[in-house]
Amino acid sequence: SWWDVLDAFPLFISCFVCHYNILTVHNEFRQPTVRRVNWWLRSTTWVATAFYLIMGVAGSAYGAKCTDSGQVQGNILLDFNNKDPLLLVGRMCLAVTITLAFPMLTIPSRDIVL
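Residues numbered from 1 in each chain as written. Predicted model: local features only at pLDDT ≥ 70, side-chain atom pairs only at ≥ 80, totals over all residues. Heavy atoms only, no water.

### Here's the deal with the overall build of the protein
Logical step 1: When helices and strands are tallied, the protein shows four helices and zero strands.
Logical step 2: Each helix and strand of the protein, placed in order from N terminus to C terminus, yields the pattern α-α-α-α.
Logical step 3: Residues counted as buried form 10% of the 114 residues belonging to the protein.
Logical step 4: A total accessible area of about 10000 Å² is found for the protein, and carbon and sulfur atoms account for 70% of it. (Helix = DSSP H or I, 4+ residues; strand = E, 2+ residues; numbered from the N terminus. Buried < 20%, exposed > 50% of the residue type's maximum accessible area, 1.4 Å probe, protein only. Areas by Shrake-Rupley, 256 points an atom, 1.4 Å probe, with all protein chains shown as cover.)

### Looking at the packing of aromatic side chains
Logical step 1: For the structure shown, the criterion picks out two aromatic pairs.
Logical step 2: Here Phe 29 and Trp 40 contribute two aromatic rings whose centre-to-centre distance is 6.5 Å and whose plane-to-plane angle is 85°, an arrangement assigned as edge-to-face. Of the two residues, Phe 29 sits in the loop between helix H2 (22-28) and helix H3 (34-66) while Trp 40 sits in helix H3, which places them 11 residues apart along the sequence. (Phe/Tyr/Trp six-rings, centres within 6.5 Å; stacked < 30°, edge-to-face > 60°.)

### A closer look at the confidence of the model for the protein
In low-pLDDT segments, the atomic positions of the prediction should not be examined closely.
Logical step 1: Averaged over every residue, the pLDDT of the protein is 79; residues scoring 70 or more account for 88%.
Logical step 2: When mean pLDDT is taken per element in the protein, H3 scores highest with 85 and helix H1 (residues 2-16) scores lowest with 76. (pLDDT = per-residue confidence, 0-100.)

### Some points on the side chain of Asp 84
Logical step 1: Its location among the elements puts Asp 84 in the loop between H3 and helix H4 (85-113).
Logical step 2: Nearest to the buried, unbridged Asp 84 among oppositely charged side chains is Arg 91, at 9.6 Å.
Logical step 3: Of the polar contacts made by the side chain of Asp 84, one reaches the backbone nitrogen of Leu 86; its length is 3.3 Å. (Lys, Arg positive; Asp, Glu negative; His and termini not counted. Salt bridge = Lys/Arg side-chain N within 4 Å of Asp/Glu carboxyl O. Polar contact = N/O pair within 3.5 Å; in protein donor to acceptor, adjacent residues only side chain to side chain.)

Right, dumping it as structure tokens:
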């Protein structure tokens, strides 16, 4: 449905929003060759993938034990009771992450435009 598309849209935006940072990273290399940049891209992508995979599996395992139904739905934060203190910590960490990531998105685009 269209609501599902609108729910997924921010995920797609956040996946592709930092692609223009590659130019600044490329300029930071002493000898920026295609091989070195490709190695850097692959290695950082695999590290991030492994981190997200570990956190996702750990969160699903924790959520299956702590939810009333014993199952985890699509958004694990919606499965918990709103008064759960651990959930509050998770939401606070998510808010801090999003807030601190904003300059990382705007500064490179400002540098490109100016």
